[in-house]
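Observations on the model geometry
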Amino acid sequence: MLTQAERYARGVADSPFDFRGLRVPFLYSTNGEVLYFHDARDPLNQSRRVKQFHTPAALVELLGRDFGAACALLAATPNDHPRLRDYQKEANAAVEEAISQRKRTMLVAMATGTGKTFTLVNDTYRLLKSGVARRVLFLVDRRALAAQAVRAFAAFEPEPNQKFDALYEVYSQRFHRDDLGEDEEFDPRVLPEPYLTNP
């Protein structure tokens with residue numbers, strides 16, 4: 001679908017860019033209804049459907065990001081949180097490898113009670129710290145699970161004496177007492193409405 005855009009990109013004169021013969025970093029292709037975007041700077045990048053054209057400011061920001069360098073930093077960062085189990089480290093490593101290969105869809109399947117939330121909270125921290133991600137959406141299908149996730153982010157200590165929600169902003173929906181199970185303690189100071197932390 002981007003063949004014509006690539007042809008135009010090869011013909012651009014007086015460009016400071018050259019990505020394997022493509023003289024522009026970003027390509028778009030549309031049929032008037034569907035719009036595709038391709039970051040041509042790395043051969044691993046794949047085109048993807050977008051809702052609208054990026055703003056000039058967003059393109060400048062994209063141009064300033066080096067995703068490959070962020071992935072290299074992530075790969076070089078030890079995944080050694082003391083509470084991680086070996087299989088959780090393997091899950092994080094598999095997700096991070098897929099991201100570095102520019103995969104956009106992944107499925108991590110872990111049994112009940114194996115620490116899925118903790119595993120993902122740990123990897124969220126790693127992705128944010130390395131610069132691979134700027135924002136992460138943690139989506140669940142029940143309010144009780146959302147409350148559990150908010151508590152996990154608030155309790156997670158990625159570095160000594162540093163809580164996750166003191167390092168990064170965490171936003172969540174509003175919670176009420178009936179969102180939690182009968183055996184769970186409700187503390188509105190832990191889950192204020194809405195939950196918002198500014199580092």
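The model shown is predicted, which means the values in this text are computed figures rather than measured ones.

A few words now on the overall build of the chain. Across its full length, the chain holds 7 helices and 3 strands. Ordering the α and β elements of the chain from the N terminus gives α-β-β-β-α-α-α-α-α-α. Expressed as a percentage of its 199 residues, the buried residues of the chain come to 35%. Contacts spanning at least 24 positions in sequence make up 51% of the contacts within the chain whose residues lie at least 6 apart. Carbon and sulfur atoms make up 53% of the accessible area of the chain, which totals about 13,000 Å².

Okay, the nonpolar core next. Residues I99, L127, V132, F156 and F164 are the most contacted members of the largest nonpolar core, which totals 17 residues. Counting residues in each nonpolar core, the second largest holds 6 residues, with L2, L22, L27 and A40 among its members.

With that out of the way, let us pick up the environment of Y125. By secondary structure assignment, the location of Y125 is in helix α5 (residues 116-130). Judged by relative accessible area, Y125 falls into the buried class, the value being 7%. When the C-alpha positions of Y125 and P158 are compared, they lie 7.3 Å apart, and in sequence the two are 33 residues distant.

Here we come to the packing of aromatic side chains. Enumeration according to the criterion identifies 10 aromatic pairs in this entry. For the pair Y125 and Y168, a centre-to-centre distance of 6.2 Å together with 65° between the ring planes defines the contact as edge-to-face. Remark: Y168 occurs in the segment after α7 (164-167) and Y125 occurs in helix α5; sequence separation between them is 43 residues. Between F138 and F153, the aromatic rings sit 5.6 Å apart at their centres with planes inclined by 90°, giving edge-to-face as the arrangement.

Take the pairing of strand β2 (residues 35-39) next. In terms of residue burial, β2 counts as a mostly covered element, since 4 of its 5 residues are buried. Where strand β1 (residues 26-30) folds back on β2, the antiparallel hairpin that results is connected by 4 residues, among which G32 adopts a positive phi of roughly 95°. Two strands pair when backbone bridges link them, and β2 and strand β3 (residues 48-50) are joined in this way by 3 bridges, in the antiparallel orientation. Across the sheet, residue Y36 finds its bridge partner in β3, namely R49.

Parameters and conventions
- Residues numbered from 1 in each chain as written.
- Predicted model: local features only at pLDDT ≥ 70, side-chain atom pairs only at ≥ 80, totals over all residues.
- Heavy atoms only, no water.
- Helix = DSSP H or I, 4+ residues; strand = E, 2+ residues; numbered from the N terminus.
- Buried < 20%, exposed > 50% of the residue type's maximum accessible area, 1.4 Å probe, protein only.
- Contact = heavy atoms within 4.5 Å.
- Areas by Shrake-Rupley, 256 points an atom, 1.4 Å probe, with all protein chains shown as cover.
- Core = buried A, V, L, I, M, F, W, Y, C linked by side-chain atoms within 4.5 Å.
- Phe/Tyr/Trp six-rings, centres within 6.5 Å; stacked < 30°, edge-to-face > 60°.
- Pairing = 2+ DSSP bridges.

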